[in-house]
Amino acid sequence: MQASRDKRDRATEVIARCQTLARFSEDSGSIRRTFLSPPMRECHREIAGWVAPLGATSRVDAVGNLRMLYPAENADAPRMMIGSHLDTVPNAGAYDGVLGVVLPIALLGALNGRKLPFEIEVVGFSEEEGVRFSTPFIGSRALVGSLDEDLLRRQDAQGISIRRAIEDFGLNPAEIAQAAMRDQDSVLGYVEFHIEQGPVLDNVGRPLGVVEAIAGQSRMELTFVGHANHAGTTPMNLRHDALAAAAEWIGAVERRALSTTGLVATVGAIQAKPGAMNVIAGETRLSLDVRHRHDETRNAAVDYLVQLAEDVAKHRGLRVQCAVLMDQRAVPMDTFLVSQVEQAVSKAGCEPYRMVSGAGHDAMILAEKVPAAMIFLRTPGGISHDPAESVEVGDVTKAIDCGLRLLDQLASSSEFQRKTTHA
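Quantities reported herein were computed from a predicted structural model and do not represent experimental measurements.

> Before we move on, can you summarise the pairing of strand 3 (residues 79–85) with the specific residues and values?
Among the 7 residues that make up strand 3, 7 are buried, leaving the element largely enclosed by the rest of the structure. Of the two faces of strand 3, both are covered, the one formed by Arg79, Met81, Gly83 and His85 as well as the one formed by Met80, Ile82 and Ser84. Pairing between strand 3 and strand 4 (residues 119–125): 7 bridges, direction parallel. Its bridge partner being in strand 4, serine 84 is matched across the sheet by glycine 124. In this region the chain leaves strand 3, passes through helix 3 (residues 99–110) and returns to the parallel neighbour strand 4; the handedness of that crossover is right-handed.

> Residues and numbers for the environment of arginine 154, please.
Summarising the element assignment, arginine 154 is placed in the loop between helix 5 (149–152) and helix 6 (162–168). Relative accessible area serves as the criterion here: at 36%, arginine 154 is assigned to the partly exposed category. Considering only alpha carbons, one finds arginine 154 and leucine 407, 253 residues apart in sequence, at a separation of 39 Å. Excluding residues within four positions of it along the chain, arginine 154 makes contact with Phe133, Ser134, Thr135, Ile160, Ser161 and Ile162.

> Please give an account of the nonpolar core that cites residues and values.
One recurring pattern in soluble globular proteins is that nonpolar side chains are buried together. Of all hydrophobic cores here, the largest spans 107 residues; its most connected members are Ile47, Phe118 and Ile120. Setting aside chain neighbours within four positions, we find isoleucine 47 in contact with Leu21, Leu66, Met68, Leu86, Val101 and Ile105. Of all hydrophobic cores here, the second largest spans 25 residues; its members include Leu286, Leu305, Leu308 and Ala313.

> Give me helix 3: which residues, what numbers.
A rise of 1.5 Å per residue sets the reference length of helix 3, with its 12 residues, at 16 Å; its end C-alpha atoms lie 16 Å apart and thus fit the reference within 8%. By the criterion of burial, helix 3 is predominantly enclosed, with 12 of the 12 residues buried. Listing the buried residues of helix 3 in full gives Leu99, Gly100, Val101, Val102, Leu103, Pro104, Ile105, Ala106, Leu107, Leu108, Gly109 and Ala110. Asparagine 112, located one to two residues past helix 3, shows a positive phi value of around 55 degrees.

> How would you sum up the packing of helix 8 (residues 242–258) against helix 9 (residues 295–316)? Please name residues and give values.
Orientation of helix 8 relative to helix 9, taken along the N-to-C sense of each, is 155 degrees, at an axis distance of 10 Å. The orientation of helix 8 with respect to helix 9, classified from their angle, is roughly antiparallel. You can see that helix 8 and helix 9 cross each other, and the crossing is right-handed. Residues Ala244, Ala245, Glu248, Trp249, Ala252, Val253 and Arg256 of helix 8 lie in contact with helix 9, whose contacting residues are Ala300, Ala301, Tyr304, Leu305, Leu308, Ala309, Val312 and Arg316. Of the residues that constitute the contact of helix 8 with helix 9, the class distribution is 12 nonpolar, no polar and 3 charged.

> Would you mind going over the environment of aspartate 202 in detail, with residue names and values included?
In this structure, aspartate 202 sits in helix 7 (residues 200–204). When its relative accessible area of 34% is taken as the criterion, aspartate 202 is described as partly exposed. For the pair formed by aspartate 202 and proline 380, sequence separation is 178 residues and the distance between their alpha carbons is 6.0 Å. Setting aside chain neighbours within four positions, we find aspartate 202 in contact with Glu196, Arg378, Thr379, Pro380, Gly381 and Gly382.

> Let's hear about the pattern of salt bridges: which residues, and what values?
Charged atoms that come close allow side chains of opposite charge to pair. Applying the stated criterion across every chain, the model contains 27 salt bridges. Between arginine 79 and glutamate 121 there is a salt bridge; the shortest N-O distance is 3.0 Å. Taken together, the positions of arginine 79 in strand 3 and glutamate 121 in strand 4 put the pair 42 residues apart, joining distant regions of the chain. Per residue, the accessibility class of arginine 79 equals that of glutamate 121, and both read buried. One salt bridge connects aspartate 150 with arginine 153, and the closest N-O pair in it is separated by 2.4 Å. Residue classification places aspartate 150 among the exposed residues on the basis of a relative accessible area of 55%.

Criteria and cut-off values
- Residues numbered from 1 in each chain as written.
- Predicted model: local features only at pLDDT ≥ 70, side-chain atom pairs only at ≥ 80, totals over all residues.
- Heavy atoms only, no water.
- Buried < 20%, exposed > 50% of the residue type's maximum accessible area, 1.4 Å probe, protein only.
- Helix = DSSP H or I, 4+ residues; strand = E, 2+ residues; numbered from the N terminus.
- Pairing = 2+ DSSP bridges.
- Right-handed = clockwise from strand over helix to strand, strands pointing away.
- Contact = heavy atoms within 4.5 Å.
- Core = buried A, V, L, I, M, F, W, Y, C linked by side-chain atoms within 4.5 Å.
- Expected span 1.5 Å × (residues − 1).
- Axes fitted to C-alpha atoms, helices over the stretch in contact; angles between N-to-C directions.
- Parallel < 35°, antiparallel > 145°, perpendicular 65-115°, else oblique.
- Left-handed = near helix turned anticlockwise from the far one by under 90°.
- Nonpolar A, V, L, I, M, F, W, Y, C, P; charged D, E, K, R; others polar.
- Salt bridge = Lys/Arg side-chain N within 4 Å of Asp/Glu carboxyl O.

Coordinates in, geometry out; function isn't part of it.
Here it is as structure tokens:
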């Protein structure tokens with residue numbers, strides 16, 4: 001009974017700490033914390049103060065990742081990583097990313113000084129959302145060694161490059177290579193706790209989800225090109241209406257997704273030119289976002305929709321232009337870690353629920369180098385990237401219980417401790 005109360009108290013503290021970090025923002029009255037902005041420094045300082053009494057050391061690496069190391073029972077032991085990101089979208093909620101940093105700190109506290117056969121490194125990634133530089137995963141890319149010079153030259157809206165932002169924060173870009181995981185580091189795996197950011201767990205009434213894959217993503221921009229003309233004087237059968245063509249195609253996008261299990265497809269942005277009420281649209285530009293856990297299914301859907309756009313354009317006497325903006329492959333989570341997470345969820349008194357993440361996460365980047373797994377927490381109402389984003393104390397309590405059981409399982413698993421970094 002006392003152990004249950006302790007976990008609930010820790011869960012209450014986790015939520016309170018997330019709310020504390022929400023105060024460190026670039027905007028007054030709302031949460032926005034982008035890559036190496038001044039509030040990130042305050043965030044680092046606050047979190048470092050939480051882990052120091054637990055016997056963990058903390059440092060900020062060359063791309064601004066906050067890295068906290070809890071020692072093992074023996075020197076030269078391998079390492080397990082747990083983490084998520086500390087940056088946010090504009091007008092954010094208090095839990096996306098941040099919960100996945102604060103919760104593992106609660107796990108360290110719950111160990112009460114007990115050491116395991118492996119070190120535990122908790123990572124607060126400096127950037128995942130892609131807000132400031134329109135490119136995501138800057139923090140986790142540094143750990144897998146894929147932060148190249150071209151990326152460092154990318155600029156924000158003020159013309160400041162990533163390299164310059166690193167320097168302005170007081171860090172040294174020449175030391176980025178030292179942030180990367182190396183074979184000799186013997187990293188056993190990476191686990192990420194994260195709010196689901198969707199309605200699935202809430203809909204099925206489960207507090208925790210076991211992520212078995214992160215969906216692949218295709219992002220495209222399509223432009224239907226017709227002829228602008230007077231809306232009152234041009235007969236319907238003599239029009240080359242780019243907006244009407246786009247509308248016909250958008251309906252087909254929805255139908256394809258509805259008819260394909262697990263596929264999601266979204267047209268989220270549309271711009272018609274010249275954009276006047278009494279002028280037929282001569283050009284319509286729109287976005288396409290397609291996601292699925294299997295790349296074959298996703299690619300087949302994209303090919304079908306591109307061909308359909310060409311057919312619609314031809315039938316209406318228009319042209320269509322297609323540009324690929326992103327082609328991100330699906331990332332399966334490590335089967336051993338997924339099974340261990342599933343066992344831990346069950347031992348925590350929850351019926352395991354396997355699911356696919358439709359959103360990208362740092363885990364998909366770390367999976368390039370080490371075995372990775374994710375644990376989702378229910379998002380009440382499915383609300384995320386919004387101030388109304390929330391978590392339940394009971395769900396966080398279950399997540400802490402699950403995390404402690406997972407650590408104990410891995411500490412007694414010879415199979416896990418034989419794993420090493422696979423570059």
